[in-house]
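Summary of structural features
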Amino acid sequence: MERYTTLNHIQHDIQNNKITLGGLVLHYLNNIEAKKHLNAFLEVYADEAKTQAEIIQQKIKNGTAGKLAGMVIGLKDNICYKNHKSSASSKILEGFESVYSATIVEKLLAEDAIIIGRLNCDEFAMGASNENSAYGNVLNDADNTRVSGGSSGGSAVAVQANLCLATLGSDTGGSIRQPAAFCGVVGFKPTYGRVSRYGLIAYASSFDQIGPIANSVEDVALIMGVIAGKDEKDATTSPREVEAYHPLPEAKKYKIAYIKEALFHPGMDEDVKTITLQKIDKLKAEGHTVEEVSFPLLDTVVPAYYVMTTAEASSNLSRFSGLLYGHRSKAATNLETTFKKSRSEGFGAEVKRRIMLGTFVLSAGFYDAYYSKAQKVRRKVQQETEAILSRYDFILSPVTPGTAFKFGEKSTNPVEMYLADIFTVHANISGHPAISIPAGTHPNGMPVGIQLLGKLFNESALLALAQTI
Ligand code: GLN
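Here is a short report on the structure shown in this document. One numbering rule holds for all chains: residues counted from 1, following each sequence as written. Per-residue local features of the predicted model are confined to residues with pLDDT of at least 70, and side-chain atom pairs are confined, for both listing and counting, to 80 or more; whole-chain, interface and lining totals are unaffected and use all residues. In computing side-chain values, all of the structure's heavy atoms are included and hydrogens and water are not.

**As for the packing of helix α10 (residues 298–316) against helix α13 (residues 371–391)**
As a packed pair, α10 and α13 sit with axes 9 Å apart at the nearest point and diverge in direction by 125°. Considering the angle they form, α10 stands oblique to α13. The crossing of α10 and α13 is left-handed. Contact with α10, carried on its side by Thr 300, Val 301, Ala 304, Val 307, Met 308, Ala 311 and Glu 312, involves Tyr 371, Ala 374, Gln 375, Val 377, Arg 378 and Val 381 of α13 and no other residues of that element. The residue makeup of the contact of α10 with α13, split by class, is nine nonpolar, two polar and two charged. Where helices are involved, their axes are fitted lines through C-alpha atoms of the stretch in contact, as for all axes, and angles between N-to-C directions lie from 0 to 180°. The numbering of helices and of strands both runs from the N terminus, where a helix is a DSSP run of H or I of at least 4 residues and a strand a run of E of at least 2. Working definition: roughly parallel below 35 degrees, roughly antiparallel above 145 degrees, roughly perpendicular at 65 to 115 degrees, and oblique for all remaining angles. Each crossing is labelled by how the near helix is turned from the far one, with a counterclockwise turn of less than a right angle marking it left-handed and a clockwise turn marking it right-handed. When checking whether two residues touch, look at their non-hydrogen atoms; a contact exists if any pair is within 4.5 Å. Residue polarity is assigned by list, with Asp, Glu, Lys and Arg as charged and Ala, Val, Leu, Ile, Met, Phe, Trp, Tyr, Cys and Pro as nonpolar; anything else, Gly included, falls into the polar class.

Written out as structure tokens, the structure is:
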């Protein structure tokens, strides 16, 4: 069977009896089996997917199928799906089964998407390489000695390796866009508040957004059209009307800014910089205006992000206490040892580091020096970003300073790992939508992505420009 990169093509071939949905599901199941070494899936719902394929094939025949009929998708392991396991790739949630579905899962199912399994990620979405999963590394399909990126590593590799058509990930500081860039696929973080977080296992609630990873911008737009919108169960969702994402509007001639401090950052890989500059030249040649702007706050975004997100994480993760759900230590003898031992045994090293860091920055003596200062940086970043976007339609940058790195290369130095988030955390601090699009191949053979950041809730224009790139 050929490799499909859009749902439109699949629907067309089903309509014309070239393929059946059952055949397509089997094709993906075979690919998952053949590419088991990548460790992208933590669990595959083979029988359910086959049964759903039969039902939806019939609906297609009757003309009653939903918008996503024919779309086979995977879910990051931090998105809850009723009566299915969700572990956030953590031992502390081993065996836990969701008692309800995330709003986005209900919306996807209502439009006849088929969920084929749950995908490996960094523990509680904390990481940039998937090396923090309790269930092992995810290998990059372009080079198995390199990381997938993270934290939605399984979600990116599943699309890259053709294990399903699209996936859902979550992005707190780049976790959709960075692995998408490392794997040569499209990843989109919507505006904060555009997509319901109900049923997403929280990392840092004022940053987290769910979004799609796909082979095409077109499929990203289709999925967004289904999952976006106000949700009574998530008070941070916006009541704003959802734009018509699909079909994408015609791309206009835009004004695009690129950040000088990003592109000419001392940590930038020379070839990634060259590929980005080539894209800028191409955009200019196509009639867009592309200009350099200054964003002196760039060096503050990573420290501010790690102060604020660890603070929120230390609070969010306090619910994993060994009492209500998940792992309870067998060595516990009373309430206090239940908390201490269950958490000590259940959480991995990076999650513990962040809980401690977050507890520290929120502690009475240090609150003003760290947490409240980081909040001020957040406001400034928002204001500066809005100022640039009052003069330009989009901000362009590399997604990451380099390509997918080798296993172990950064995992012993957390600060080095954190600094690699420099271009992605910006959009989560400010709340703006941002997309990662494949831009070329590095001389080392790995994919390179570029990022476009757009105006708040102005996602269709962002997707339209991304489509032309
Ligand atoms: N790499 C970032 C981190 O480790 C981003 C994670 C995310 O977006 N979930 O926090």
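**What about the environment of Asp 219?**
Along the chain, the position of Asp 219 falls in helix α7 (residues 217–227). Sequence spacing of Asp 219 and Gln 52 is 167 residues, and the spatial spacing of their C-alpha atoms is 20 Å. Setting aside residues no more than four positions away along its own chain, Asp 219 makes contact with Thr 5, Thr 6, Leu 7, Met 71, Leu 165 and Ala 214. Of note is the side chain of Asp 219, whose polar atom sits 3.0 Å from the backbone nitrogen of Leu 7. Under this definition, polar contacts are N or O atom pairs within 3.5 Å; protein pairs additionally need one hydrogen-donor-capable and one acceptor-capable atom, and for neighbouring residues in sequence, both atoms have to be side-chain atoms.

**Here we look at the side chain of Asn 215**
If you trace the backbone, Asn 215 turns up in the loop between β8 (209–214) and α7. On the basis of relative accessibility, which here comes to 19%, the residue Asn 215 falls in the buried class. A polar atom in the side chain of Asn 215 sits 3.0 Å from the side chain of Arg 3. Of note is the side chain of Asn 215, whose polar atom sits 3.4 Å from the backbone oxygen of Leu 165. In contact with Asn 215, other than residues within four places in its own chain, are Arg 3, Tyr 4, Thr 5, Val 159, Leu 165, Val 185 and Val 186. Burial classification: accessible surface area is computed with a 1.4 Å probe over protein chains only, and a residue below 20% of its type maximum counts as buried, one above 50% as exposed, and the rest as partly exposed.

**Considerations on the sheet that holds strand β2 (residues 72–76)**
At least two bridges found by DSSP between two strands are what make those strands a pair. With respect to topology, 11 strands assemble into an open sheet ordered β1-β3-β2-β6-β8-β7-β12-β13-β11-β9-β10, the strand pairing being mixed. A strand with exactly one partner marks an edge of an open sheet, and here the two such strands are β1 (41–44) and β10 (289–293). Across the sheet, the mean angle from the axis of one strand to that of its neighbour is 30°, orientation sign disregarded. Here β2 runs beside strand β6 (residues 166–171); their pairing, made up of three bridges, is parallel. Note that in β6 the partner of Gly 74 across the bridge is Thr 167. Running at roughly 150° to strand β11 (residues 394–398), helix α9 (residues 270–285) makes contact with β9 (255–259), β10, β11, β12 (434–441) and β13 (447–453) of the sheet.

**Remarks on the environment of Lys 59**
With respect to the helices and strands, Lys 59 occurs in helix α3 (residues 46–62). Apart from residues lying up to four places away in sequence, Lys 59 is in contact with Thr 64, Ala 65 and Asp 112.

**What to know about the side chain of Ser 86**
Its location among the elements puts Ser 86 in the loop between β2 and α4 (103–110). For Ser 86, a relative accessible area of 0% gives the class buried. A polar side-chain atom of Ser 86 sits 2.9 Å from a polar atom in the side chain of Ser 98. The contacts of Ser 86, once residues within four sequence positions are left out, are Asp 77, Ile 79, Cys 80, Tyr 81, Leu 93, Phe 96, Ser 98 and Ile 201.

**Regarding a nonpolar patch on the surface**
Exposure above 30% relative accessible area and the lack of any salt bridge qualify a residue for a patch; like charges then connect within 9 Å, and the nonpolar side chains Val, Leu, Ile, Met, Phe, Trp and Tyr within 5 Å. Accessibility throughout is a Shrake-Rupley quantity obtained with a 1.4 Å probe, and a residue counts as covered only by protein chains that appear here. In what follows, salt bridge is the name for a side-chain nitrogen of Lys or Arg lying within 4 Å of a carboxyl oxygen of Asp or Glu. A surface patch of nonpolar side chains, amounting to about 400 Å² of accessible area, comprises Leu 323, Leu 324, Leu 335 and Phe 339. Turning to its location among the elements, Leu 323 is positioned in the loop between α10 and α11 (335–346). Here Leu 323 falls in the partly exposed class, since its relative accessible area comes to 40%.

**Re helix α12 (residues 349–362)**
Here α12 is 14 residues long and its end C-alpha atoms lie 20 Å apart, about the 20 Å a rise of 1.5 Å per residue gives. The complete set of buried residues in α12 reads Glu 350, Val 351, Arg 354, Ile 355, Gly 358 and Val 361. Angular distribution of buried residues about the axis of α12 spans 135°; they occupy a single face of the element. Opposite the buried face of α12, at more than 90 degrees from it, the exposed residues are Ala 349 and Met 356. Buried residues belonging to α12 abut α10, α11, α13 and α14 (414–419). Helices are assigned an expected span. That span is 1.5 Å times one less than the residue count. The directions considered for the arc are those from the helix axis to the C-beta atoms.

**Digging into the site of the ligand**
Any residue with a non-hydrogen atom lying within 4 Å of a molecule or strand is treated as near it. With respect to spatial proximity, 15 residues lie near the ligand, and among them Ala 125, Thr 172, Gly 173, Ser 175 and Tyr 305 are the closest. One nitrogen or oxygen atom from the side chain of Ser 175 is found 2.7 Å from an oxygen atom belonging to the ligand. Measuring from an oxygen atom of the ligand, one finds a side-chain N or O atom of Arg 354 at 2.8 Å. The fraction of the free accessible surface of the ligand (290 Å²) that becomes covered by protein chains is 99%. Counted by class, the shell around the ligand contains six nonpolar, six polar and three charged residues.

**Topic: the packing of α4 against α7**
Here α4 crosses α7 at 110°, and the two axes come no closer than 9 Å. Classified by the angle between their axes, α4 and α7 sit roughly perpendicular to one another. Between α4 and α7 lies a crossing whose hand is right-handed. Across from Ile 104, Lys 107 and Leu 108 in α4, the residues of α7 making contact are Ile 223, Val 226 and Ile 227. Here the contact of α4 with α7 is built from residues that sort into five nonpolar, no polar and one charged.

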